[in-house]
Amino acid sequence: MAALLVRSRSRAFARLVTSHVVMPVERTRANWRECSPIFAMQKVVGSSPIIRSEIPAKWRSLGRLVLLAVVQMLLHVTAGAKASAPPSTRSVRVGHYLFATRGLDVQFERRGWSSGYNPGEVLQKWNEFDNVVGSTVEAEVARQLDHMKALGVNEIWYPLPSSDEGYDPNFVPPACPMPEVLGLRWPQPTPTELTSLGAFFDLLERKGVKVILELQNNHMEDQTDSARWLGAILDVVKDKPALDLVQFDGNLHTLDLNGDGIDETCGVPSEAPLWLGATSRAGSYVRFAIALALAKGLPAQKLSAESIVGNYFTDSHPVAYGDATDGHFWAPVESMKAIFDSLGVPPGQRTYALSFYEHRKCNPAIVPSSYPCVDADPQSWAEESLRRVRDVVVVGPRLVATEMGGWTPVEGGWPTADAVEGLVSVFQRYHVNGGAFWRWTNFNNSEDGDPSVATPVKRRGAAYTYNAIVSAIRDMDGFHLDGIVNGSFEDANGTGRPTGWSVTGRATRLKVSGEPGARSWRGSYVLRLGPEETAATRLLRVSPRTTYTLAFDRRGGPASVSVRYMACRGARLARGRRAVVFKAPRAPSFARFAVTFATPSQACLARVVFAAKRTSLELDYVR
Ligand SMILES: [Ca+2]
Ligand SMILES: [Ca+2]
């Protein structure tokens with residue numbers, strides 16, 4: 001019964017926000033405003049990348065406007081992948097991670113139920129036995145963390161909004177009540193919530209998982225009560241080893257979107273509205289919250305707010321409404337820099353948390369149709385956006401994409417998996433130190449059947465069944481083999497054979513750049529294997545009893561992939577343990593495939609061998 005209540009509450013809340021937010025604008029086409037209700041509900045429960053915008057009536061005539069949007073970016077660290085591996089007593093293992101932060105944006109699933117859990121509900125019911133999952137909520141959270149860890153995940157992003165007791169469907173000013181199950185009670189979290197929050201962090205520590213805690217405060221204008229709410233939470237988490245980062249996000253409690261001086265709209269908490277500038281009420285809140293946390297002894301590196309990356313409109317500094325700094329919009333990362341500057345945080349102690357969802361530059365949910373915009377494809381725009389971020393933050397700060405992935409609604413021709421691969425490639429080039437993929441699971445069963453929703457890792461349900469995007473996540477998060485040379489087959493010797501590979505028969509490179517659907521991160525060439533032909537890497541150094549991830553793109557097939565081991569003195573391992581073989585099913589167009597395997601106890605060297613079967617096979621982007 002309680003579960004039913006939770007479910008119906010959530011839906012009612014979504015409907016409410018929908019009608020309320022859409023009405024004042026009366027847009028005639030799909031745009032951010034029609035999206036924002038979805039966002040309002042989904043984001044509150046940790047789901048949507050869409051950011052809401054706010055614009056007064058006078059701006060509607062000018063630009064129909066506006067705002068917000070999207071995605072973010074990330075961070076920076078060392079250029080070398082190996083150098084980005086976190087320090088560990090096992091760091092002597094041969095191999096490397098792509099990023100230090102290998103995260104997921106998480107709302108825990110109530111496996112077997114049609115929706116949930118809500119983020120606050122997890123803590124409120126932490127010790128309760130849930131018949132649906134057959135254990136306490138804590139035990140269910142622990143199980144899901146184990147499965148995430150098996151993918152290589154070492155960090156989760158977890159949102160907790162400010163919330164109000166019970167559930168009041170009237171989400172309207174001045175009260176704007178947030179359902180209790182969504183987060184932590186305002187202005188004083190309950191003893192149960194705070195105790196469970198500590199237990200949650202302790203569980204994460206035991207699992208070896210760090211956490212990015214997004215505190216979504218929808219009372220940004222109220223610094224007195226915010227100090228109470230934030231203080232109670234920070235006192236619990238500040239000394240927990242699992243804490244990586246606190247994000248002071250949210251919104252003002254009420255908004256005046258039609259410019260009549262009366263707040264008629266409830267602010268929906270999500271990424272901090274840093275597009276309004278560092279000295280806006282929202283920007284002032286972020287500065288206040290970071291100062292509060294510093295005073296409590298938290299290190300500056302663990303304090304930030306999310307900066308949306310890639311909103312061409314706001315980043316172009318158009319004239320803005322309300323209390324925007326200097327009367328115009330800002331790129332959020334510019335505001336964040338100004339806040340760090342005003343607090344005197346040294347560059348090396350800054351963490352820029354980026355909300356980075358790939359989308360085309362002039363996505364109509366972001367850029368008003370009346371605003372001049374020359375479109376660019378999602379990958380080009382992501383790269384340009386990250387270049388802009390780099391120009392602002394320069395060198396020194398940590399950049400991490402605490403939300404990253406594909407746009408919702410999914411843009412035609414740009415599936416979520418491509419967004420992830422594309423982001424991984426630009427993160428490596430611009431020294432972003434990883435990120436958290438949005439998201440682990442959908443919130444409702446109905447979302448699993450909705451192709452417009454960005455693809456999550458896990459399909460809803462009691463079983464741990466993953467969507468195909470899991471290959472991109474394993475690739476991003478897994479421990480990779482060292483020494484694979486020319487994995488993209490861009491380099492060749494005088495005979496046209498790929499350098500670094502031993503190929504049989506007439507296997508040769510094939511130029512694919514310019515093909516429809518070509519992806520820039522794959523370069524210009526692939527390796528084409530005819531029937532029964534093979535391609536092998538050089539001997540690679542490996543560590544024994546170590547789990548590795550091997551990822552590659554393939555077209556055609558099926559493909560057979562074997563990893564053959566040798567012991568350190570060159571002798572083959574005992575029969576039966578000297579190779580592991582995987583089958584990659586046929587793929588009509590290039591698609592990523594990732595496998596994980598554990599090396600035997602005596603393994604010292606390995607060779608990866610790809611083989612085509614009866615049909616030809618094209619390979620690329622092996623690592
Ligand atoms: Ca108004
Ligand atoms: Ca290539």
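Remember, predicted model here, so these are calculated numbers, not experimental data. (Residues numbered from 1 in each chain as written. Chains lettered and ligands numbered in written order. Predicted model: local features only at pLDDT ≥ 70, side-chain atom pairs only at ≥ 80, totals over all residues.)

**Focus on the overall build of the protein chain**
Link 1 in the chain: A tally of regular secondary structure across the protein chain gives 14 helices and 28 strands.
Link 2 in the chain: In the protein chain, which comprises 623 residues, the proportion classed as buried is 52%.
Link 3 in the chain: When contacts within the protein chain are restricted to residue pairs at least 6 apart in sequence, those whose partners lie at least 24 apart make up 74%. (Helix = DSSP H or I, 4+ residues; strand = E, 2+ residues; numbered from the N terminus. Buried ≥ 20, exposed ≤ 12 C-beta atoms within 10 Å, placed from the backbone. Contact = placed C-beta atoms within 7 Å.)

**Points about the environment of Trp438**
Link 1 in the chain: If you trace the backbone, Trp438 turns up in strand E16 (residues 434-438).
Link 2 in the chain: Placed 332 residues apart in sequence, Trp438 and Val106 show a C-alpha to C-alpha distance of 7.6 Å.

**Examining the nonpolar core**
Link 1 in the chain: Of all hydrophobic cores here, the largest spans 142 residues; its most connected members are Leu104, Val211, Ile233, Val286, Val420, Leu423 and Leu619.
Link 2 in the chain: With eight residues, the single largest contributor to this core is helix H12 (residues 416-430).
Link 3 in the chain: Core analysis: the second largest hydrophobic core is formed by five residues, Tyr312, Phe313, Ile366 and Val367 among them. (Core = buried A, V, L, I, M, F, W, Y, C linked by C-beta atoms within 7 Å.)

**With respect to unusual backbone geometry**
Link 1 in the chain: Along the chain, Pro173 connects to Pro174 via a cis peptide bond; the corresponding omega equals 5 degrees.
Link 2 in the chain: Along the polypeptide, Pro174 turns up in the loop between strand E6 (155-163) and strand E7 (184-185).
Link 3 in the chain: Note the cis peptide between Trp186 and Pro187, where omega equals -5 degrees.
Link 4 in the chain: Here Val394, not a glycine, exhibits a phi torsion of approximately 55 degrees, which is positive.
Link 5 in the chain: Along the chain, Val394 turns up in the loop between helix H11 (378-393) and strand E15 (398-406).
Link 6 in the chain: Note on Val394: 10 C-beta atoms within 10 Å, which makes it exposed.
Link 7 in the chain: Residue Asn486 is not a glycine yet carries a positive backbone phi of 60 degrees.
Link 8 in the chain: A tally of 16 C-beta atoms within 10 Å means that Asn486 is categorised as partly exposed.

**Side note on the packing of helix H7 (residues 223-237) against helix H8 (residues 281-295)**
Link 1 in the chain: One can describe the packing of H7 onto H8 by two numbers: an axis separation of 10 Å at closest approach and a directional angle of 40 degrees. Between H7 and H8, the crossing angle belongs to the class labelled oblique. The two elements H7 and H8 cross, and the hand of that crossing is right-handed. Each of Gln223, Ser226, Ala227, Leu230, Gly231 and Leu234 in H7 lies in contact with H8, whose residues at this interface are Tyr285, Phe288, Ala289, Leu292 and Ala293. (Axes fitted to C-alpha atoms, helices over the stretch in contact; angles between N-to-C directions. Parallel < 35°, antiparallel > 145°, perpendicular 65-115°, else oblique. Left-handed = near helix turned anticlockwise from the far one by under 90°.)

**Points about the packing of helix H6 (residues 191-207) against H7**
When two helices pack together, their arrangement is captured by the angle between the axes and the distance separating the axes.
Link 1 in the chain: Remark: H6 packs on H7, axes separated minimally by 9 Å, with the N-to-C direction vectors making an angle of 35 degrees. The hand of the H6/H7 crossing is right-handed. Contacts between H6 and H7 involve Leu194, Leu197, Gly198 and Phe201 on the former and, on the latter, Ala232, Ile233, Val236 and Val237.
Link 2 in the chain: In terms of residue class, the contact of H6 with H7 is made up of seven nonpolar, one polar and no charged. (Nonpolar A, V, L, I, M, F, W, Y, C, P; charged D, E, K, R; others polar.)

**A look at H8**
Link 1 in the chain: A rise of 1.5 Å per residue sets the reference length of H8, with its 15 residues, at 21 Å; its end C-alpha atoms lie 21 Å apart and thus fit the reference within 8%.
Link 2 in the chain: Buried within H8 we find Ala282, Gly283, Tyr285, Val286, Arg287, Ala289, Ile290 and Ala293.
Link 3 in the chain: In this structure, the buried side of H8 is in contact with H7, strand E9 (243-250), strand E12 (303-304) and helix H10 (332-343). (Expected span 1.5 Å × (residues − 1).)

**With respect to the pairing of strand E3 (residues 101-105)**
Link 1 in the chain: Taken across its five residues, E3 has five buried, putting it largely inside the fold.
Link 2 in the chain: Burial of E3 is two-sided: the residues Thr101, Gly103 and Asp105 facing one way and the residues Arg102 and Leu104 facing the other way are all buried.
Link 3 in the chain: The pairing of E3 with E16 spans five bridges and is classified as parallel. Bridge pairing in E16 places Arg102 opposite Gly435.
Link 4 in the chain: Direction of pairing for E3 relative to E6: parallel, over a ladder of three bridges. Looking across to E6, one finds that Gly103 is bridged to Glu155. (Pairing = 2+ DSSP bridges.)

**Describing the environment of Asp164**
Link 1 in the chain: Among the secondary structure elements, Asp164 is positioned in the loop between E6 and E7.
Link 2 in the chain: On the basis of neighbour counts, which here come to 17 C-beta atoms within 10 Å, the residue Asp164 falls in the partly exposed class.
Link 3 in the chain: Counting along the chain gives 13 residues from Asp164 to Pro177, while the straight-line C-alpha distance between them is 5.8 Å.
Link 4 in the chain: Ignoring anything within four residues of it in the chain, the contact list for Asp164 reads Pro177, Met178, Glu180 and Trp186.

**What about the confidence of the model for the protein chain?**
Link 1 in the chain: With 85% of its residues at a pLDDT of 70 or more, the protein chain has an overall mean of 86.
Link 2 in the chain: Note that residues 1-91 has pLDDT below 50 and, in this model, 234 contacts with residues that lie over four places away or in other chains. (pLDDT = per-residue confidence, 0-100.)

**Focus on helix H5 (residues 137-150)**
Link 1 in the chain: In this model H5 runs 20 Å from its N-terminal to its C-terminal C-alpha over 14 residues, within 8% of the 20 Å that 1.5 Å per residue would give.
Link 2 in the chain: By the burial criterion, the buried members of H5 are Val137, Glu140, Val141, Leu145 and Met148. Buried positions in H5, seen along its axis, are confined to an arc of 140 degrees and lie on one side of it. For H5, exposure combined with an orientation more than 90 degrees from the buried face picks out Asp146 and Ala150.
Link 3 in the chain: Check the buried side of H5 and you find it contacts E3, helix H4 (119-124), strand E4 (129-130), strand E5 (135-136) and H6. (Arc of directions from axis to C-beta.)

**A word on the environment of Ile339**
Link 1 in the chain: Counting through the fold element by element, Ile339 comes out in helix H10.
Link 2 in the chain: Once the C-alpha coordinates of Ile339 and Gly283 are considered, the two residues, 56 residues apart in sequence, prove to be 7.6 Å apart.
Link 3 in the chain: Discounting residues that sit within four places of it in the chain, Ile339 has contacts with Ala278, Gly283, Val286, Arg287 and Ile290.

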